[in-house]
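Observations on the model geometry
These are the residues of each chain, in order.
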Amino acid sequence: MNAHVNLPASGPVLKVDGLKKHFGGIKAVDGVSFEVFEGEILGIIGPNGCGKSTLFNCILGQLQPTEGAVTLDGEAITGLFPAELNRRGVSRTFQLLQVFPNLTVRENLILAGQEHQGSMLSRLLGPKDAGLTAEAEKMIGFFNLGHLADSKAGGLSYGQQKLLDAAMAFMAGPRLVLLDEPAGGVNLTMLASLKERLEAINKEQGATFVVIEHNMDFVMSLCSRVVVMAEGKVLAIGTPAEIRANPAVIEAYLGH
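Cut-offs and rules
Residues numbered from 1 in each chain as written. Predicted model: local features only at pLDDT ≥ 70, side-chain atom pairs only at ≥ 80, totals over all residues. Heavy atoms only, no water. Helix = DSSP H or I, 4+ residues; strand = E, 2+ residues; numbered from the N terminus. Buried < 20%, exposed > 50% of the residue type's maximum accessible area, 1.4 Å probe, protein only. Contact = heavy atoms within 4.5 Å. Areas by Shrake-Rupley, 256 points an atom, 1.4 Å probe, with all protein chains shown as cover. Core = buried A, V, L, I, M, F, W, Y, C linked by side-chain atoms within 4.5 Å. pLDDT = per-residue confidence, 0-100. Pairing = 2+ DSSP bridges. Phe/Tyr/Trp six-rings, centres within 6.5 Å; stacked < 30°, edge-to-face > 60°. Lys NZ or Arg CZ within 6 Å of the ring centre and 35° of its normal. Axes fitted to C-alpha atoms, helices over the stretch in contact; angles between N-to-C directions.

So, about the overall build of the protein. Helix and strand content of the protein: 10 helices and 10 strands. With 256 residues in all, the protein has 50% of them scored as buried. Here the analysis covers contacts within the protein between residues at least 6 apart in sequence; of these, 68% occur between residues at least 24 apart. Roughly 11500 Å² of accessible area belongs to the protein as shown, and the carbon and sulfur atoms make up 54% of that amount.

Now the structure itself:
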(Lines give C-alpha, C1' and ligand atoms only; values in the text may rest on other atoms or scores of the structure.)
Protein backbone atom coordinates (compact mmCIF):
# COMPACT_ATOMS: atom_id res chain seq x y z
CA MET A 1 0.00 0.00 0.00
CA ASN A 2 1.32 3.41 -0.89
CA ALA A 3 2.02 5.48 2.20
CA HIS A 4 0.15 8.61 1.10
CA VAL A 5 -3.10 6.80 0.33
CA ASN A 6 -5.59 7.39 3.14
CA LEU A 7 -7.70 4.28 3.56
CA PRO A 8 -11.23 5.10 4.74
CA ALA A 9 -12.72 3.01 7.54
CA SER A 10 -15.51 2.05 5.15
CA GLY A 11 -13.05 0.24 2.89
CA PRO A 12 -12.05 0.69 -0.74
CA VAL A 13 -13.89 2.86 -3.24
CA LEU A 14 -13.72 0.05 -5.81
CA LYS A 15 -13.20 -3.64 -5.10
CA VAL A 16 -12.80 -6.20 -7.86
CA ASP A 17 -12.98 -9.75 -6.51
CA GLY A 18 -12.18 -12.85 -8.57
CA LEU A 19 -13.44 -11.34 -11.83
CA LYS A 20 -13.52 -13.68 -14.82
CA LYS A 21 -14.61 -13.24 -18.43
CA HIS A 22 -14.52 -16.21 -20.78
CA PHE A 23 -15.21 -16.13 -24.51
CA GLY A 24 -15.78 -19.80 -25.28
CA GLY A 25 -12.55 -21.50 -24.28
CA ILE A 26 -10.59 -18.24 -24.07
CA LYS A 27 -10.09 -16.88 -20.55
CA ALA A 28 -9.65 -13.17 -21.33
CA VAL A 29 -9.91 -12.23 -17.64
CA ASP A 30 -9.07 -15.05 -15.27
CA GLY A 31 -9.70 -14.36 -11.59
CA VAL A 32 -8.57 -10.73 -11.25
CA SER A 33 -8.76 -9.08 -7.81
CA PHE A 34 -7.63 -5.61 -6.71
CA GLU A 35 -8.83 -2.59 -4.74
CA VAL A 36 -8.80 1.16 -5.35
CA PHE A 37 -8.71 3.47 -2.35
CA GLU A 38 -9.86 7.02 -1.73
CA GLY A 39 -7.67 9.60 -3.49
CA GLU A 40 -5.56 6.96 -5.21
CA ILE A 41 -4.30 6.83 -8.80
CA LEU A 42 -4.01 3.15 -9.68
CA GLY A 43 -2.33 2.03 -12.90
CA ILE A 44 -3.08 -1.18 -14.82
CA ILE A 45 -0.43 -2.32 -17.28
CA GLY A 46 0.37 -5.43 -19.26
CA PRO A 47 1.18 -6.64 -22.78
CA ASN A 48 -1.33 -6.38 -25.60
CA GLY A 49 -4.02 -9.04 -25.26
CA CYS A 50 -3.50 -9.53 -21.51
CA GLY A 51 -7.13 -8.63 -20.73
CA LYS A 52 -6.88 -5.00 -19.57
CA SER A 53 -9.65 -3.58 -21.75
CA THR A 54 -11.88 -6.62 -21.19
CA LEU A 55 -11.41 -6.10 -17.44
CA PHE A 56 -12.41 -2.42 -17.76
CA ASN A 57 -15.46 -3.36 -19.80
CA CYS A 58 -16.55 -5.94 -17.20
CA ILE A 59 -16.21 -3.40 -14.39
CA LEU A 60 -18.07 -0.74 -16.36
CA GLY A 61 -21.01 -2.81 -17.59
CA GLN A 62 -20.08 -3.01 -21.27
CA LEU A 63 -19.56 -6.76 -20.75
CA GLN A 64 -21.20 -9.15 -18.30
CA PRO A 65 -18.54 -10.99 -16.26
CA THR A 66 -18.58 -14.78 -16.32
CA GLU A 67 -17.80 -14.87 -12.60
CA GLY A 68 -16.71 -12.63 -9.74
CA ALA A 69 -17.92 -9.44 -8.08
CA VAL A 70 -17.41 -5.68 -8.33
CA THR A 71 -18.36 -3.31 -5.51
CA LEU A 72 -18.40 0.49 -5.28
CA ASP A 73 -18.18 1.80 -1.71
CA GLY A 74 -19.26 -1.64 -0.52
CA GLU A 75 -22.33 -1.86 -2.77
CA ALA A 76 -22.53 -4.51 -5.48
CA ILE A 77 -22.39 -3.03 -8.99
CA THR A 78 -21.53 -6.23 -10.89
CA GLY A 79 -23.19 -6.23 -14.30
CA LEU A 80 -24.95 -2.86 -13.91
CA PHE A 81 -25.39 -1.00 -17.19
CA PRO A 82 -23.09 1.98 -17.93
CA ALA A 83 -25.95 4.50 -17.55
CA GLU A 84 -26.67 3.26 -14.02
CA LEU A 85 -22.97 3.36 -13.14
CA ASN A 86 -22.85 6.94 -14.44
CA ARG A 87 -25.64 7.89 -12.05
CA ARG A 88 -23.64 6.31 -9.23
CA GLY A 89 -20.66 8.49 -10.08
CA VAL A 90 -18.52 6.13 -12.17
CA SER A 91 -17.06 7.79 -15.26
CA ARG A 92 -14.70 6.60 -17.99
CA THR A 93 -12.83 7.46 -21.14
CA PHE A 94 -12.35 5.11 -24.08
CA GLN A 95 -9.32 4.32 -26.25
CA LEU A 96 -11.26 5.97 -29.09
CA LEU A 97 -12.18 9.57 -28.34
CA GLN A 98 -15.81 10.17 -27.35
CA VAL A 99 -15.96 13.92 -27.97
CA PHE A 100 -18.74 15.42 -30.10
CA PRO A 101 -16.96 17.15 -33.00
CA ASN A 102 -19.78 19.55 -33.89
CA LEU A 103 -20.21 20.84 -30.34
CA THR A 104 -17.96 23.39 -28.66
CA VAL A 105 -15.61 22.46 -25.84
CA ARG A 106 -18.05 24.01 -23.34
CA GLU A 107 -21.04 22.15 -24.82
CA ASN A 108 -19.14 18.85 -24.70
CA LEU A 109 -18.45 19.37 -21.00
CA ILE A 110 -22.06 20.29 -20.20
CA LEU A 111 -23.28 17.20 -22.06
CA ALA A 112 -20.81 15.00 -20.16
CA GLY A 113 -22.01 16.45 -16.85
CA GLN A 114 -25.63 15.72 -17.70
CA GLU A 115 -24.82 12.02 -17.89
CA HIS A 116 -24.21 12.04 -14.14
CA GLN A 117 -27.42 13.66 -13.00
CA GLY A 118 -31.15 13.35 -13.18
CA SER A 119 -33.51 11.49 -15.46
CA MET A 120 -34.07 12.09 -19.14
CA LEU A 121 -37.32 13.92 -18.27
CA SER A 122 -35.64 16.27 -15.80
CA ARG A 123 -32.98 17.02 -18.40
CA LEU A 124 -35.63 17.81 -21.03
CA LEU A 125 -37.67 20.03 -18.71
CA GLY A 126 -34.77 21.65 -16.85
CA PRO A 127 -32.57 24.57 -17.95
CA LYS A 128 -30.76 24.09 -21.25
CA ASP A 129 -27.36 23.83 -19.58
CA ALA A 130 -28.79 21.71 -16.70
CA GLY A 131 -27.16 24.26 -14.39
CA LEU A 132 -23.73 22.99 -15.39
CA THR A 133 -22.18 26.02 -17.10
CA ALA A 134 -20.31 27.09 -13.95
CA GLU A 135 -18.90 23.58 -13.48
CA ALA A 136 -17.95 23.45 -17.18
CA GLU A 137 -16.12 26.79 -16.87
CA LYS A 138 -14.27 25.43 -13.86
CA MET A 139 -13.12 22.35 -15.81
CA ILE A 140 -12.19 24.50 -18.83
CA GLY A 141 -9.94 26.55 -16.58
CA PHE A 142 -8.56 23.53 -14.77
CA PHE A 143 -7.58 21.73 -17.98
CA ASN A 144 -6.21 24.93 -19.60
CA LEU A 145 -8.84 24.93 -22.36
CA GLY A 146 -9.97 28.55 -21.90
CA HIS A 147 -8.73 29.71 -25.30
CA LEU A 148 -10.69 26.85 -26.91
CA ALA A 149 -13.95 27.07 -24.92
CA ASP A 150 -16.01 28.28 -27.89
CA SER A 151 -14.19 26.18 -30.51
CA LYS A 152 -15.80 23.09 -31.99
CA ALA A 153 -14.16 19.94 -30.66
CA GLY A 154 -13.64 18.61 -34.18
CA GLY A 155 -11.25 21.48 -34.92
CA LEU A 156 -8.95 20.74 -31.97
CA SER A 157 -5.66 18.87 -32.28
CA TYR A 158 -5.66 15.24 -31.19
CA GLY A 159 -3.82 16.13 -27.97
CA GLN A 160 -6.31 18.91 -27.18
CA GLN A 161 -9.17 16.48 -27.79
CA LYS A 162 -7.53 14.06 -25.33
CA LEU A 163 -7.42 16.85 -22.73
CA LEU A 164 -11.09 17.59 -23.39
CA ASP A 165 -11.92 13.88 -23.16
CA ALA A 166 -10.26 13.71 -19.73
CA ALA A 167 -12.00 16.90 -18.59
CA MET A 168 -15.35 15.41 -19.66
CA ALA A 169 -14.68 12.31 -17.54
CA PHE A 170 -14.12 14.46 -14.44
CA MET A 171 -17.17 16.71 -14.96
CA ALA A 172 -19.62 16.86 -12.06
CA GLY A 173 -17.12 15.38 -9.59
CA PRO A 174 -17.52 11.64 -10.21
CA ARG A 175 -16.74 9.17 -7.41
CA LEU A 176 -14.40 7.16 -9.61
CA VAL A 177 -12.92 7.64 -13.09
CA LEU A 178 -11.44 4.92 -15.30
CA LEU A 179 -9.13 6.22 -18.03
CA ASP A 180 -8.45 3.90 -20.97
CA GLU A 181 -5.08 4.73 -22.54
CA PRO A 182 -5.19 8.52 -22.03
CA ALA A 183 -1.61 8.88 -23.34
CA GLY A 184 -2.24 6.98 -26.58
CA GLY A 185 -1.20 8.99 -29.65
CA VAL A 186 -0.49 12.19 -27.70
CA ASN A 187 2.72 14.11 -28.45
CA LEU A 188 5.23 14.64 -25.64
CA THR A 189 4.37 18.29 -25.00
CA MET A 190 0.65 17.58 -24.69
CA LEU A 191 1.36 14.44 -22.68
CA ALA A 192 3.27 16.46 -20.07
CA SER A 193 0.29 18.84 -19.83
CA LEU A 194 -2.18 15.94 -19.48
CA LYS A 195 -0.09 14.27 -16.78
CA GLU A 196 0.30 17.55 -14.89
CA ARG A 197 -3.47 18.15 -14.98
CA LEU A 198 -4.27 14.60 -13.82
CA GLU A 199 -1.83 14.97 -10.93
CA ALA A 200 -3.42 18.31 -10.04
CA ILE A 201 -7.01 17.03 -10.07
CA ASN A 202 -5.92 14.17 -7.82
CA LYS A 203 -4.07 16.43 -5.40
CA GLU A 204 -6.40 19.45 -5.38
CA GLN A 205 -9.80 17.76 -5.71
CA GLY A 206 -9.00 14.33 -4.25
CA ALA A 207 -10.10 12.61 -7.47
CA THR A 208 -9.82 8.82 -7.42
CA PHE A 209 -9.02 7.13 -10.70
CA VAL A 210 -7.65 4.09 -12.51
CA VAL A 211 -5.47 4.30 -15.62
CA ILE A 212 -4.96 1.57 -18.23
CA GLU A 213 -1.92 2.50 -20.25
CA HIS A 214 0.85 1.18 -22.51
CA ASN A 215 3.13 4.16 -21.85
CA MET A 216 5.25 2.86 -18.99
CA ASP A 217 6.90 6.16 -18.10
CA PHE A 218 3.49 7.83 -17.93
CA VAL A 219 2.07 5.18 -15.56
CA MET A 220 5.14 4.89 -13.37
CA SER A 221 5.39 8.65 -12.84
CA LEU A 222 1.63 9.22 -12.36
CA CYS A 223 0.36 6.28 -10.32
CA SER A 224 0.82 5.50 -6.63
CA ARG A 225 0.30 1.77 -7.19
CA VAL A 226 0.40 -0.41 -10.29
CA VAL A 227 -1.38 -3.67 -11.17
CA VAL A 228 0.46 -5.78 -13.75
CA MET A 229 -1.60 -8.22 -15.82
CA ALA A 230 -0.42 -11.11 -17.96
CA GLU A 231 -2.57 -13.68 -19.76
CA GLY A 232 -5.74 -12.53 -18.01
CA LYS A 233 -4.32 -12.78 -14.47
CA VAL A 234 -2.74 -10.37 -11.99
CA LEU A 235 1.01 -10.90 -12.08
CA ALA A 236 1.93 -8.30 -9.45
CA ILE A 237 0.59 -5.32 -7.49
CA GLY A 238 2.88 -2.74 -5.92
CA THR A 239 4.42 0.71 -6.01
CA PRO A 240 6.16 1.73 -9.25
CA ALA A 241 9.52 1.02 -7.60
CA GLU A 242 8.40 -2.46 -6.53
CA ILE A 243 7.01 -3.20 -9.99
CA ARG A 244 10.20 -2.08 -11.75
CA ALA A 245 12.23 -4.40 -9.50
CA ASN A 246 9.92 -7.44 -9.77
CA PRO A 247 11.68 -10.22 -11.74
CA ALA A 248 8.42 -11.74 -12.98
CA VAL A 249 7.28 -8.37 -14.32
CA ILE A 250 10.61 -7.71 -15.99
CA GLU A 251 10.38 -11.08 -17.72
CA ALA A 252 6.74 -10.77 -18.77
CA TYR A 253 6.55 -7.12 -19.70
CA LEU A 254 9.36 -4.69 -19.02
CA GLY A 255 11.98 -6.83 -20.73
CA HIS A 256 10.05 -6.92 -24.01
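Right, let's talk about the nonpolar core for a bit. Residues Leu109, Phe143, Leu145, Leu164, Phe170 and Phe209 are the most contacted members of the largest nonpolar core, which totals 50 residues. Ignoring sequence-local partners within four residues, the contact set of Phe143 consists of Leu163, Ala166, Ala167, Phe170, Arg197 and Ile201. Within the second largest apolar cluster, 27 residues are counted, among which are Val36, Leu72, Ile77 and Ile212.

Another aspect to go through is the confidence of the model for the protein. Summary statistics for the protein give a mean pLDDT of 87 and a share of 88% for residues scoring 70 or more. Of the regions scoring below 50 in pLDDT, residues 1–8 engages in 14 contacts with residues more than four places distant in sequence or in other chains. Counting interchain partners and residues more than four positions distant, the pLDDT-below-50 stretch residues 118–127 has five contacts.

Time to look at the pairing of strand S3 (residues 41–45). Residues in a regular strand point their side chains to alternate faces of the sheet. Of all five residues in S3, five are buried; the element is thus mostly enclosed. The alternating pattern of S3 places Ile41, Gly43 and Ile45 and Leu42 and Ile44 on opposite faces, both of which are buried. The pairing of S3 with strand S8 (residues 209–212) spans four bridges and is classified as parallel. Counterpart to Gly43 in the pairing with S8 is Val211. For S3 and strand S9 (residues 225–230), the ladder comprises four bridges, and the chain directions are parallel. By the bridge assignment, Ile44 is partnered in S9 with Val227.

For the rest of this paragraph, the subject is the packing of aromatic side chains. Per the counting criterion, the structure on display carries three aromatic pairs. Through successive ring pairs, a cluster of aromatic residues spans Phe142, Phe143, Phe170 and Phe209. Over the ring of Phe94 we find Arg92; its NZ or CZ atom is 3.9 Å from the centre of that ring. Between Arg197 and the ring centre of Phe142, over which it is positioned, the NZ or CZ distance is 4.7 Å.

Relative to strand S4 (residues 67–72), strand S1 (residues 14–23) runs antiparallel, the two sharing five bridges. Paired with Leu14 across the two strands is Leu72, which belongs to S4. Pairing between S4 and strand S5 (residues 75–76): two bridges, direction antiparallel. By the bridge assignment, Leu72 is partnered in S5 with Glu75. Connecting S4 to the next strand, S5, in antiparallel fashion are two residues, including Asp73 with a positive phi near 50°.

Once that is clear, we can look at the sheet that holds S3. The strand order S6-S7-S8-S3-S9-S10 describes an open sheet built from six strands, whose pairing is mixed. The strands lining the two open edges of the sheet, one partner per strand, are strand S6 (90–92) and strand S10 (233–238). Looking at each pair of strands side by side, their axes are set apart by 20° on average, direction ignored. One ladder, built from four bridges, connects strand S7 (residues 176–180) with S8; its direction is parallel.

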